[in-house]
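# Structural characterization, general
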Amino acid sequence: MKQALISPSPGLIHTQNPFSSSFKPQLNTHSILFFKPIASSSLQYRSPILNQIRTMALSNIKSNRWSLQGMTALVTGGTRGIGRAIVEEVGGLGARVHTCSRNENELDKALVDWKSLGFEVSGSICDVSIAAQRQSLMETVSSLFDCKLNILINNVGTNIRKPMVDFTAEEVSTLLATNFESVFNLCQLAYPLLKTSGSGSVVFTSSVSGFVSLKSMSLQGATKGAINQLTRNLACEWAKDNIRSNAVAPWYIRTSMVEQVLSSKEYLEEVYSRTPLGRLGDPTEVSSLVAFLCLPASSYITGQIICVDGGMSVNGFYPTNY
Ligand SMILES: NC(=O)c1ccc[n+]([C@@H]2O[C@H](COP(=O)([O-])OP(=O)(O)OC[C@H]3O[C@@H](n4cnc5c(N)ncnc54)[C@H](OP(=O)(O)O)[C@@H]3O)[C@@H](O)[C@H]2O)c1
């Protein structure tokens with residue numbers, strides 16, 4: 001288990017160690033938005049102290065809606081791509097984050113990077129497709145976070161592209177174990193911790209393949225479709241425990257997973273032509289939505305699967321030359 005430093009305070013962007021003498025905090029846009037209306041408010045007490053307390057209370061109420069300060073998060077598959085962007089987004093909003101991946105060197109390097117950015121991130125080597133490793137991951141999380149977990153991001157997923165008749169039994173098992181079984185079981189293992197936290201949020205990384213047919217993705221699409229339904233079921237089953245459940249469903253996002261398929265210029269052109277925004281997505285365009293779904297600001301949203309796809313899943317027939 002590896003651990004890094006210091007979590008940033010709400011409203012501040014820490015680009016250096018905040019305890020160093022040369023540290024210069026910068027206000028972020030949230031802070032500016034929070035403080036403006038309060039400063040211009042007409043309600044004033046005679047006592048300056050009461051005014052100060054009121055200002056502090058209002059700014060607290062508002063800033064907490066857009067902060068993950070004091071919260072704990074587990075993000076699976078955080079060393080690359082979408083998972084890495086999620087670790088940084090959620091960590092940047094103040095959460096303590098634990099992540100996992102299979103490659104020790106890559107994890108070590110990422111932990112060093114996060115430490116230098118001032119994020120409070122720890123990590124475990126864990127293959128989430130293996131039951132015993134999931135169990136030990138959750139034991140680590142439980143002991144690190146004092147049996148309380150606010151946020152579970154089920155991000156790990158993989159793909160094997162081929163016509164469905166060509167899948168071997170082993171490939172079917174691998175894809176089901178990595179994309180669905182692991183996610184289902186991690187939710188089971190995390191449930192007591194999410195419940196104890198008093199305010200839990202589960203976010204799944206689904207895919208547009210769970211909504212529409214994509215070539216050579218019958219099995220991957222089926223696992224994501226299953227995740228979509230699990231998202232809805234957990235929203236209802238766990239609402240009594242104040243645990244929300246939502247999913248994000250990306251189309252092509254530039255990550256190592258899709259590097260190879262997107263290396264063909266012709267294929268890439270087809271992707272652009274099917275995407276109303278005419279480009280690929282960036283991992284940070286997914287992580288921002290994931291973070292929003294974990295914030296108190298989204299407290300009435302549960303059971304939703306939101307596409308992050310440049311409009312791909314709603315594209316109808318828009319011929320360019322007519
Ligand atoms: N990129 C896209 O276009 C796209 C589109 C739709 C949906 N998605 C979904 O988004 C999620 C993330 O995809 P990505 O593109 O960011 O993938 P990626 O670039 O391949 O990154 C995957 C991350 O998960 C880790 N990982 C993979 N298998 C693991 C396992 N069995 N146990 C533990 N960690 C594992 C990897 O580290 P190690 O390899 O070291 O373990 C890495 O940190 C997936 O669920 C994927 O289906 C992606």
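- Going by the annotation in an unreviewed UniProt entry, the name recorded for the chain is Tropinone reductase, with Gossypium laxum given as the source organism.
- Turning to the chain, the UniProt record has this under Sequence similarities (unreviewed entry): "Belongs to the short-chain dehydrogenases/reductases (SDR) family. SDR65C subfamily."

### A few points about the overall build of the chain
- Each helix and strand counted, the chain has nine helices and ten strands in total.
- The burial tally for the chain puts 46% of its 322 residues in the buried class.
- Roughly 16700 Å² of accessible area belongs to the chain as shown, and the carbon and sulfur atoms make up 56% of that amount.

### Some words on the site of the ligand
- Close to the ligand lie 28 residues, the nearest being Thr79, Ile82, Arg102, Asn155 and Thr255.
- For the ligand, an oxygen atom lies 2.8 Å from a polar atom in the backbone of Asn155.
- Class assignment for the residues of the shell around the ligand results in ten nonpolar, 14 polar and four charged.

### Quick notes on the packing of helix H3 (residues 81-92) against helix H4 (residues 104-117)
- Where H3 meets H4, the axes come as close as 12 Å, and the angle between the chain directions of the two elements is 25 degrees. Relative to H4, the element H3 is oriented roughly parallel. Regarding H3 and H4, the two cross each other, and that crossing is right-handed. Listed contacts from H4 to Arg84, Val87 and Glu88 of H3 are Ala110, Asp113 and Trp114.
- Here the contact of H3 with H4 is composed, by residue class, of three nonpolar, no polar and three charged.

### With respect to the pattern of salt bridges
- Counted under the stated rule, the structure contains ten salt bridges.
- For Glu106, the salt bridge identified is with Arg80, shortest N-O distance 3.0 Å. Placement of the pair is Glu106 in helix H4 and Arg80 in the loop between strand E4 (72-76) and H3, with a sequence separation of 26 residues.
- Taking relative accessible area as the criterion, Glu106 reaches 24% and is therefore assigned partly exposed.
- For Arg80, a relative accessible area of 41% corresponds to the partly exposed category.

### Observations regarding the state of the cysteines
- One pass over the full model with this rule turns up zero disulfides.
- Sulfur of Cys126: no disulfide; nearest cysteine sulfur belongs to Cys100 and is 4.6 Å away.

### Re the packing of aromatic side chains
- A complete count under the given rule lists five aromatic pairs for this structure.
- Ring geometry for Tyr252 versus Tyr267: centroids 6.1 Å apart, planes at 80 degrees, classification edge-to-face. Taken together, the positions of Tyr252 in the loop between strand E9 (243-250) and helix H8 (265-274) and Tyr267 in helix H8 put the pair 15 residues apart, joining distant regions of the chain.
- Residue classification places Tyr252 among the buried positions, given a relative accessible area of 8%.
- The exposure class assigned to Tyr267 is partly exposed, which follows from its relative accessible area of 33%.

Thresholds applied
- Residues numbered from 1 in each chain as written.
- Predicted model: local features only at pLDDT ≥ 70, side-chain atom pairs only at ≥ 80, totals over all residues.
- Heavy atoms only, no water.
- UniProt positions renumbered as here; feature names shortened; annotations may be inferred.
- Helix = DSSP H or I, 4+ residues; strand = E, 2+ residues; numbered from the N terminus.
- Buried < 20%, exposed > 50% of the residue type's maximum accessible area, 1.4 Å probe, protein only.
- Areas by Shrake-Rupley, 256 points an atom, 1.4 Å probe, with all protein chains shown as cover.
- Near = heavy atom within 4 Å.
- Polar contact = N/O pair within 3.5 Å; in protein donor to acceptor, adjacent residues only side chain to side chain.
- Nonpolar A, V, L, I, M, F, W, Y, C, P; charged D, E, K, R; others polar.
- Axes fitted to C-alpha atoms, helices over the stretch in contact; angles between N-to-C directions.
- Parallel < 35°, antiparallel > 145°, perpendicular 65-115°, else oblique.
- Left-handed = near helix turned anticlockwise from the far one by under 90°.
- Contact = heavy atoms within 4.5 Å.
- Salt bridge = Lys/Arg side-chain N within 4 Å of Asp/Glu carboxyl O.
- Disulfide = S-S within 2.5 Å.
- Phe/Tyr/Trp six-rings, centres within 6.5 Å; stacked < 30°, edge-to-face > 60°.

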